[in-house]
Amino acid sequence: MVLSQVAEFDSVGLRYGTGAEVLRDLDFRLANGGFYFLTGPSGAGKTSLLKLLYLAQRPTRGRIRIFGEELSDAPRELLPQFRRRIGVVFQDFRLIRHLSAFDNVALPLRIAGAADEQVEGPVREMLAWVGLADRASARPPTLSGGEQQRVAIARAVINRPDLLVADEPTGNVDAEMAQRLLHLFSALNRLGTTVVVATHDVGLINATPGAQLIRLENGAIADPTGTLRNPPAPPWSRSRC
Amino acid sequence: MLDWLLASPSERRLLGEARLRGPTAWVIAIMSFSILIIAAAGLALASTAGMLTRAIEARYSVEVPAGGANVEALLGTVRSAPGVTSAEAVPESEMRRTLERWLGPAAQSSELPVPALINFNVKPGADLGAIRRRVQAVAPAASITAHREAVGPLLHSLRLLQWVAFGLVLLLSAAASAAVVLAARGALDTHRFTIEVMHGIGATDLQVTNLFQRKIAIDAFVGSVAGAAAAALVLLVLTTGASLAGELTGGATLSVLDLLILALLPLALTALATWVARAAVLAALRKAL
């Protein structure tokens, strides 16, 4: 059965500890195969929303369905099988320092149970694609910020996830690499992966025709009547959201 | 069931290649050494107590105060009594030598009356009442004493020491387990970031646990075997010969079964450490999402 919605948020709120809610009253759906940009000023709650999406955080209220399953308070033993269907590009890369770039990229495949001989080809191919074929054995501390980001992206997409969540994925790469990464995301999207990218880069948004925009302000979706809409055209292109 | 032990090179790299970085192996080696020495002492005590019990279980003494005159007649009576397997009189000279320890040269005085003493062994189920009646028919003042009554307090002490040794083995095992729990928590703290990343990518608790379990199992095995080897050396030095079943102290011996138990202890300690590590890591992981 093909799901029409990859994620469904109903009256979702999130607070850390006893602090104020950082996300409140989130109601939206992410269509299967959609391409979404998540924008908003710093501190608006973009990263918190992404954490809910990639199951690193449970909501403090409301219901979240991912891949058609109610996961707001699902037993934690259930979560790994859903996490394996989600690729995540973290803002701080989250690469394992003592592993080589190859091993970092191979990690999702190995966790999913692939044997070493099944891993070699896809990982080499992915590293070549992000321009790091000759850096396969390098460890993250010896890579530049941009290289680390490309490794993180390669790790996120290596197993062709159903949902790709990226937090500022082009923040540390040059314009050319940003374009290549965007093409990669678009290619994955065409293959059926739902893509959610949190970014300030309006150029990236405008370069993705058909992508939809979710704008967060103060932990809430800024335009409740049209939360999922096409990105606005210039004049505010090249400026910061 | 043991597939967690056969990690691939890539799985081994996840927690880094360095081994024996922490004190776990050393702590377990010390525990293993102590456990083996104490267990060997406990088993030797048990062996001694068993030997002593078997030796005196069927052994009795006939004592006739100041009555050395009719010892030969009495010995004949005892030997002919039903159920008696052997009997021998303790020579008067030996009795006097024994008394000399307390009385000095006065023990050799002919004026000092020395009791007649006959030791005898009986078959299981022998009628001691019938033997007593026969003896008292020859020497009315004679009394019969069971050796187990005389040695009872010593045997009790030996059994008590044996239990103390057993308790110490349990206590040291508990201490080793506590050290493993601390080591497991330390390892989790050290690798918290790796665990978070693995969880985020979809690793199950068991996948993460297997990595730590394997690492701690190797440390525990190396430590246990090293400690056991050191203990074996010490035990060999303590025994009079290099025989595997040599004496430990003063006639106490370790049987083949005892040696087998001692050989299994390091493996048991490794298994305990591995199980404890697994439980500790799983419990810690369950606190995270």
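Another point: the overall build of chain A. Assigned secondary structure in chain A consists of seven helices and 10 strands. The C-alpha radius of gyration of chain A comes to 18 Å, within 12% of the 18 Å expected for a compact globule of 241 residues. Dimensions of chain A, computed from C-alpha atoms along their principal axes, come out at roughly 50 × 45 × 40 Å. Burial status across chain A gives 43% buried among its 241 residues. Summarising the internal contacts of chain A: among those between residues at least 6 apart in sequence, 69% fall at separations of at least 24.

Mapped onto the secondary structure, Ile-218 of chain B falls in helix 8 (residues 205–238). A count of 17 C-beta atoms within 10 Å places Ile-218 of chain B in the partly exposed class.

A few words on the interface of chain B and chain A. The interface of chain B with chain A comprises 14 residues on the first partner and 20 residues on the second. The dominant element in the side of chain B that touches chain A, judged by the number of residues it contributes, is helix 7 (residues 192–201) of chain B, at five residues. Tallied by class, residues from the side of chain B that touches chain A come to five nonpolar, eight polar and one charged.

Formed by 121 residues in total, the largest nonpolar core has its most connected members in Val-105 and Val-165 of chain A together with Leu-36 and Val-180 of chain B. With 16 residues, helix 2 (residues 24–57) of chain B is the largest single contributor of residues to this core. Ignoring anything within four residues of it in the chain, the contact list for Val-105 of chain A reads Val-123, Met-126, Leu-127, Val-151, Ala-154, Arg-155 and Ile-158 of chain A. Residues Tyr-60, Val-64, Leu-74 and Ala-116 of chain B belong to the second largest nonpolar core, which totals 16 residues.

What counts and how
Residues numbered from 1 in each chain as written. Chains lettered and ligands numbered in written order. Predicted model: local features only at pLDDT ≥ 70, side-chain atom pairs only at ≥ 80, totals over all residues. Helix = DSSP H or I, 4+ residues; strand = E, 2+ residues; numbered from the N terminus. Rg over C-alpha atoms; globule rule 2.2 N^0.38 Å. Buried ≥ 20, exposed ≤ 12 C-beta atoms within 10 Å, placed from the backbone. Contact = placed C-beta atoms within 7 Å. Nonpolar A, V, L, I, M, F, W, Y, C, P; charged D, E, K, R; others polar. Core = buried A, V, L, I, M, F, W, Y, C linked by C-beta atoms within 7 Å.

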